[in-house]
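Tertiary structure, described
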Amino acid sequence: MSEQLNIAVVGATGAVGEAMLSILAEYGFGDANVHALASERSLGKTVDFGRRYLAVEVLDDFDFAGCDFALFSAGGGISLKYAPRAAEAGCTVIDNTSAFRLDPEIPLVVPEINGDLLENLDAGSIIANPNCSTIQMLIAIAPIYAIAGINRINVATYQSVSGAGSEGMEELARQTMDRLSFKDVKPSVFAQPIAFNAIPVIDTMQDNDYTREEMKLHWETCKILRDDSIGVNATAVRIPVFYGHSEAVHLETSRDISMEEVREAMHKAAGLVLIDDTDPKAQVTAVTHAAGKDEVFVSRLRRDHSHPRGINLWVVGDNVRKGAALNAVQILKMMVTGKMPVET
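Residues numbered from 1 in each chain as written. Predicted model: local features only at pLDDT ≥ 70, side-chain atom pairs only at ≥ 80, totals over all residues. Heavy atoms only, no water.

1. Focus on the packing of helix H1 (residues 15-29) against helix H9 (residues 321-337)
Packed helix pairs are specified by the crossing angle of their axes together with the interaxial distance, meaning the distance between the axes. At their nearest, the axes of H1 and H9 sit 9 Å apart, and the two run at 40 degrees to each other. Considering the angle they form, H1 stands oblique to H9. Along this stretch, H1 crosses H9, giving a crossing that reads as right-handed. In this structure, H1 uses Val16, Ala19, Met20, Ile23, Leu24, Glu26, Tyr27, Gly28 and Phe29 to contact H9, whose residues at the interface are Arg321, Ala324, Ala325, Leu326, Ala328, Val329, Gln330, Leu332, Lys333 and Val336. Along the lines of polarity and charge, the residues of the contact of H1 with H9 split into 14 nonpolar, two polar and three charged. (Axes fitted to C-alpha atoms, helices over the stretch in contact; angles between N-to-C directions. Helix = DSSP H or I, 4+ residues; strand = E, 2+ residues; numbered from the N terminus. Parallel < 35°, antiparallel > 145°, perpendicular 65-115°, else oblique. Left-handed = near helix turned anticlockwise from the far one by under 90°. Contact = heavy atoms within 4.5 Å. Nonpolar A, V, L, I, M, F, W, Y, C, P; charged D, E, K, R; others polar.)

Here you go:
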């Protein structure tokens, strides 16, 4: 690997791409040679990178030879077309889309949980970033899984509109103004009005009447924890919040475990903050705790009174940071340094 890293960010003008650039600068890559890549319609634009600006380059024209890493966040179709091309040129790809997550030959990585999969990967490998909802749920429950196992998870997600990109945020802002001005609301990005509403459908419906977003939580949890016996029963809901996903999680452990053991394990876990306080003002929310933060936050931790091994918790996280851009940069950091990013 070259002394000065060469890093490409694909989808640099999108919400996640912009966050990737910001976090790269924060995490010690400010001196890297960074290429901000996007479609031809973004030619002539600039993007922020630390204390400097980068001119946007056209992805179609870019040669990945000589690049050490490429962070992709421009949609699954773009990743399927260009990520293999980058990998063939010897560039290690960290992909934030769903394109490669379920490929058994490609590691699906949350560094705090299964970072060992990054050891001894060759240059030109492709690494998949999990879905944002999966990442924050697993950061919260992995400490419990490690000491007591988990048989089953029931989870309801309450997901912000930034999960649908800048268009989703613009639609919420526009519809909010229209509602307050007593104008008709016209959905475009979402199937139904999102302002002052909750929509119980995210992504496409599957043959089993779950949405693909809901099934991702099951498929990805099993792959990341390397345990196909876990059942994840999910309901994914879109809510009118700009940044930060929330999840109501109920799980059933395989073995008996005291709540004291659960608390101890969670307090020790990397990337996780447990607020163990019953004061209503202390409970974590997407707006007051998660937005703009790197950690995943948990409160309302309690024993399920209806099941002897049941545990309930409320989980919030910034879906653009830890749920996407930060996780990708942490993967890169771990590959470069050989250490967990939280240790640096």
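2. Topic: H9
Under the 1.5 Å per step criterion, the end-to-end length of H9 is only 21 Å for 17 residues, more than 12% shorter than the ideal 24 Å. Considering bend angle alone, the principal kink of H9 is centred on Asn327 and spans about 40 degrees. Most of H9 is tucked away, with 14 of its 17 residues classed as buried. Directly beyond the C-terminal end of H9, a positive phi value near 75 degrees is found at Gly338. (Expected span 1.5 Å × (residues − 1). Bend = angle between axes of the 7 residues up to and from the residue. Buried < 20%, exposed > 50% of the residue type's maximum accessible area, 1.4 Å probe, protein only.)

3. Section: the environment of Arg303
Structurally, Arg303 can be placed in strand S12 (residues 296-303). Taking the C-alpha atoms as reference points, Arg303 and Thr204, 99 residues apart in sequence, are found 34 Å from one another. With sequence-adjacent residues up to four places away left out, Arg303 is seen in contact with Ile257, Ser258, Met259, Pro308, Arg309, Gly310, Ile311 and Asn312. Of the polar contacts made by the side chain of Arg303, one reaches the backbone oxygen of Ile257; its length is 2.5 Å. (Polar contact = N/O pair within 3.5 Å; in protein donor to acceptor, adjacent residues only side chain to side chain.)

4. Focus: the sheet that holds strand S9 (residues 231-238)
On the basis of which strands lie adjacent, the open sheet formed by six strands has the order S9-S8-S10-S13-S12-S11 and mixed pairing. Two strands close off the open sheet at either side, each with one partner strand: S9 and strand S11 (272-274). Across the sheet, the mean angle separating the axes of adjacent strands is 20 degrees when strand polarity is ignored. Note: strand S8 (residues 150-159) against S9, eight bridges, orientation parallel. Among the inter-strand pairings, Asn154 is bridged to a residue of S9, identified as Asn233. (Pairing = 2+ DSSP bridges.)

5. Looking at the pattern of salt bridges
As enumerated under the stated definition, the model contains 11 salt bridges in all. Between Asp276 and Arg263 there is a salt bridge; the shortest N-O distance is 2.6 Å. In this pair, Asp276 sits in the loop between S11 and helix H8 (286-290) while Arg263 sits in helix H7 (residues 259-268), placing the two residues 13 residues apart along the sequence. Judged by its relative accessible area of 42%, Asp276 is partly exposed. Overall, the relative accessible area of 23% leaves Arg263 in the partly exposed class. The partner of Lys268 in a salt bridge is Glu264, and the shortest N-O contact between them spans 3.1 Å. (Salt bridge = Lys/Arg side-chain N within 4 Å of Asp/Glu carboxyl O.)

6. A look at the sheet that holds strand S5 (residues 69-72)
With mixed pairing, the seven strands of this open sheet are ordered in space as S3-S4-S2-S1-S5-S6-S7. Here the strands that pair on one side only, and so sit at the sheet edges, are strand S3 (46-49) and strand S7 (126-128). Across the sheet, the mean angle separating the axes of adjacent strands is 25 degrees when strand polarity is ignored. Examined bridge by bridge, S3 and strand S4 (residues 52-58) share four bridges and lie antiparallel to one another. Residue Phe49 lies in a different strand from S4, and its bridge partner there is Arg52. Lying over the sheet, helix H2 (residues 76-88) contacts strand S1 (6-10), S5, strand S6 (92-95) and S7, oriented at roughly 175 degrees with respect to S5.

7. A closer look at H2
Here H2 is 13 residues long and its end C-alpha atoms lie 18 Å apart, about the 18 Å a rise of 1.5 Å per residue gives. For H2, the principal kink sits at Tyr82 and spans about 30 degrees; a proline, Pro84, occurs within the next four residues. Residues Ser79, Tyr82, Ala83, Ala86 and Ala87 constitute the buried set of H2. As for H2, its buried residues are in contact with S5, S6 and S7. Gly90 sits one or two residues past H2 and shows a positive phi near 90 degrees.

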